[in-house]
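Results of the structural survey
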Amino acid sequence: MQEAWDVTSTEERDGVRLTWHNWPSSRLEATRIVAPVAALYTPLKKIAHAPPPLTYDPIRCGGQGCAAVLNPFCQIDFRSKLWSCPFCLQRNHFPPHYAENISETNLPAELIPQYTTVEYELQAAPQTGPPAFVFVVDICVHDDELDELKDSLQQSLNLLPEDALVGLITYGTNVHVHELGFPECPKSYIFRGNKEYDAKKVQDLLGLSVYASQQTGGPGVSSAVGRFLCPVGECSFTFESILQELSKDPWPVPSDMRVARSTGSALSAATGLLEAAMSRTGGRAMLFTGGPCTNGPGAIVGRAKTEDMRSHTDLAKNQAPMFKGACEYYEGLAKRAAAAQHVVDIFACSLDQVGMLEMKVMSEKTGGLMVLGDSFGQSVFKESLRRVFRRNPEGETDEGAMAMGFAATLECMTSKEFKVQGCIGPCSSLNKAGGNVSENAIGQGNTNAWSLGGIDPATTLAVYFEITNPGQNPLPQHKRRFIQFITKYQHSSGRMRLRSTTLCGPWHSDPNNHSPIKCSFDQEAAAVILARLAVHRSETEEVSDILRWIDRSLIRLCAKFADYTPDQPNSFRLSPEFSIYPQFVFHLRRSQFLQLFNSSPDESTYYRSVLLRESTTNSLVMLQPSLLSYSFNAPPQPVLLDSQSVRQDTILLLDTFFHVVVFHGETIAAWREAKYQEKEEHAAFRSLLAAPQADSQSIMDSRFPVPRYIVCDQHKSESRFLMAKLNPSVTHNSTDSGMGQAIFTDDVSLRVFMEHLMKLAVQS
């Protein structure tokens, strides 16, 4: 029997999850294993026992078009002081300071076998200085909402390092760029809200270009820094006094019209300001909006209230006249921001849609964050904003530094038997062609390097590979494959860093024995890789076509790797490596990522964007939420995500990543209403009520964006948040009701789904 792989060890050591750990050695065999050959990589994952950042520049391979970083898989000739690159097989000389000291017993950190991931603090790269944060604030919201937002922004100011630069832009009918370096009185430059502004225009209007000829840096650097972008320590009083005096946009609004909100112009002014002041160094434009853009470029709906916001149906029928123009406008802004290596974050709080669908490209192409809430007073917004500015805890590497990176790029090197198809995640292509770039693109393809913009310890990218080795060229048994991810980014201290992660794995060449490949399958990573691919395809294809493709892929995978007798469904068995994969697929098909019912285009966009940037563990919670049961009979325990888990005498805790739901059974709710928990003899009941609330708090404490917290009772309206996620094993049509609560749905249950899967997989 083939020994099973420890599929999570590479995540702990390198921040990587692979769908397969043992790869078929030919193009033909790779198509037969059905699930994509891919990796989920978290560039800034905190790695236990990793060496601190190395304070010297990395040694790079001198092979033509290679430039791989020296790593533990390089072959070293200690006598002639040469090293061989595992990617291009070029032999390189060590530089003198290495050659003098290197020996079998004296190795630099990057050659020690357990350090397959190392980080360098680049000495040759110039220090860029502190990052800039430009707050772009919507003042068309109601007064109480504006007060909550101002309160959160004041708190944010206290969380930033003293030397971080801040800027403030407010917008309504027009756009106001505030001069924070003018403390005598509030002073701002007003831009018309119905125009787009490029970097040159912003420079001219703000009077920055006057100083350009005197600068040795970029155009107008020092004139913008000190006037519109100031260190927190110097301008916090001016910033707070401007915030305190902020009031709702004074332009009159007829009762049958929407407010004139110039989000598009405000974002172009913010992008232009950062381009003029901080080109190609760390900067974030943070948009806080409370409604849709209705004025100027990027408008997504007209001002007349008789005109409805676009729905999924309107988009499907091509009846959203402003949609295409708005998308093109925000895509142009996203390209500008990505080229200048700036990040755009979107914090949207509104009961109606705000245009997240059109604006998402700005966050996705620049590595920005997205938060969608109902109100600026909600913890979903307030606490999420606080967590953006988190610092590394004491005792860790870089303690006290902000847990974010800027101006990041990712490059992927591979050995010659396979190529890079593309990347799905928060990135944009750098259009870097190379010998290892596949013609069959997936996501951001036709390149082996991507601009990530902003990254944090949770940012995860999916990189897809294509095995190109022809079948008539079998690889020798000892042959290994190599992948190297090289991430370069600006640390929040202003220093440039480079992180190199190198992976090595085996090839399998016997087409008649696929058990080594079978035992190396990581079903969790494969489910997330499939979900990302499905979400990416949903942008250009009908959901019904995607569901059919998912079903066919699952049937082919099970037909290939399950154990069964042909045409006998009862003989169907899946090995432990595959056993819960069909369950993940069942929940993916029912999830909000593919089912558009009961969600607006903005909500669908938000859920999909978060899935495309989160780690494997968090993505699995989104696909198949976790359910815990609390009762008097047993300690808290995980239970099946099934309608049979709903009991009158239990409390359930559901974690869907976006929501945390505490659900009280009917009996528990009745006892709570009768206030039994306040009586001394019912201390056990009081503890039972408190346990799920404490656990839900610990879930919410570590998560970004902060989930919405819902406490509900059986048969009450908010219980729908739980019931919609459960497998409907008991429905209104069931003859055997048994335990649990019936769910009124026509959806098939997991049992019926598996019966059909087994029947189709074993067909000869």
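**With respect to the sheet that holds strand 27 (residues 659–664)**
Strand order in the open sheet formed by 5 strands is 25-24-26-27-28, with mixed pairing between adjacent strands. Each of the sheet's edge strands pairs with one partner strand only, and the pair in question is strand 25 (637–638) and strand 28 (708–713). The pairing of strand 24 (residues 626–630) with strand 26 (residues 651–655) spans 5 bridges and is classified as antiparallel. When the sheet's bridge partners are listed, Y630 is paired in strand 26 with I651.

**A few points about the environment of H176**
Here H176 shows up in strand 10 (residues 175–178). Between the C-alpha atoms of H176 and G193, which are 17 residues apart in sequence, the distance is 9.4 Å. Beyond its immediate sequence surroundings of up to four residues, H176 is in contact with L168, I169, T170, S188, Y189 and I190.

**Here's the deal with the pairing of strand 13 (residues 283–289)**
Burial analysis of strand 13 places 7 of its 7 residues in the buried class, the great majority of the element. Alternating residues of strand 13 divide into G283, A285, L287 and T289 and R284, M286 and F288, and every residue in both groups is buried. By the bridge criterion, 6 bridges tie strand 8 (residues 132–138) to strand 13 in an arrangement that is parallel. For F133, the partnering residue across the bridge sits in strand 13 and is R284. Relative to strand 14 (residues 343–349), strand 13 runs parallel, the two being bridged by 6 bridges.

**Notes on the nonpolar core**
Within the largest apolar cluster, 131 residues are counted, with the highest numbers of intra-cluster contacts made by W20, W23, Y330, F465 and F485. Leaving out residues up to four positions away in the same chain, F465 has contacts with W23, V37, A38, A39, C412, T414, F418, K419, V420, Q421, I483 and F485.

**Details of the pattern of salt bridges**
Here the structure, examined in full by the defined rule, presents 39 salt bridges. The salt bridge partner of E275 is R336, with a shortest N-O separation of 2.9 Å. In this pair, E275 sits in helix 8 (residues 263–278) while R336 sits in helix 10 (residues 323–339), placing the two residues 61 residues apart along the sequence. Each member of the pair, E275 as well as R336, is classed as buried. The partner of E411 in a salt bridge is K432, and the shortest N-O contact between them spans 2.5 Å. Of the two residues, E411 is situated in strand 16 (residues 405–414) and K432 in the loop between strand 18 (428–429) and strand 19 (444–445); the sequence distance between them amounts to 21 residues. On the basis of relative accessible area, E411 is assigned to the buried category, the value being 15%. Salt bridges linked by common partners bring E119, E121, D398, R497 and R499 together as one network.

Conventions and cut-offs
Residues numbered from 1 in each chain as written. Predicted model: local features only at pLDDT ≥ 70, side-chain atom pairs only at ≥ 80, totals over all residues. Heavy atoms only, no water. Pairing = 2+ DSSP bridges. Helix = DSSP H or I, 4+ residues; strand = E, 2+ residues; numbered from the N terminus. Contact = heavy atoms within 4.5 Å. Buried < 20%, exposed > 50% of the residue type's maximum accessible area, 1.4 Å probe, protein only. Core = buried A, V, L, I, M, F, W, Y, C linked by side-chain atoms within 4.5 Å. Salt bridge = Lys/Arg side-chain N within 4 Å of Asp/Glu carboxyl O.

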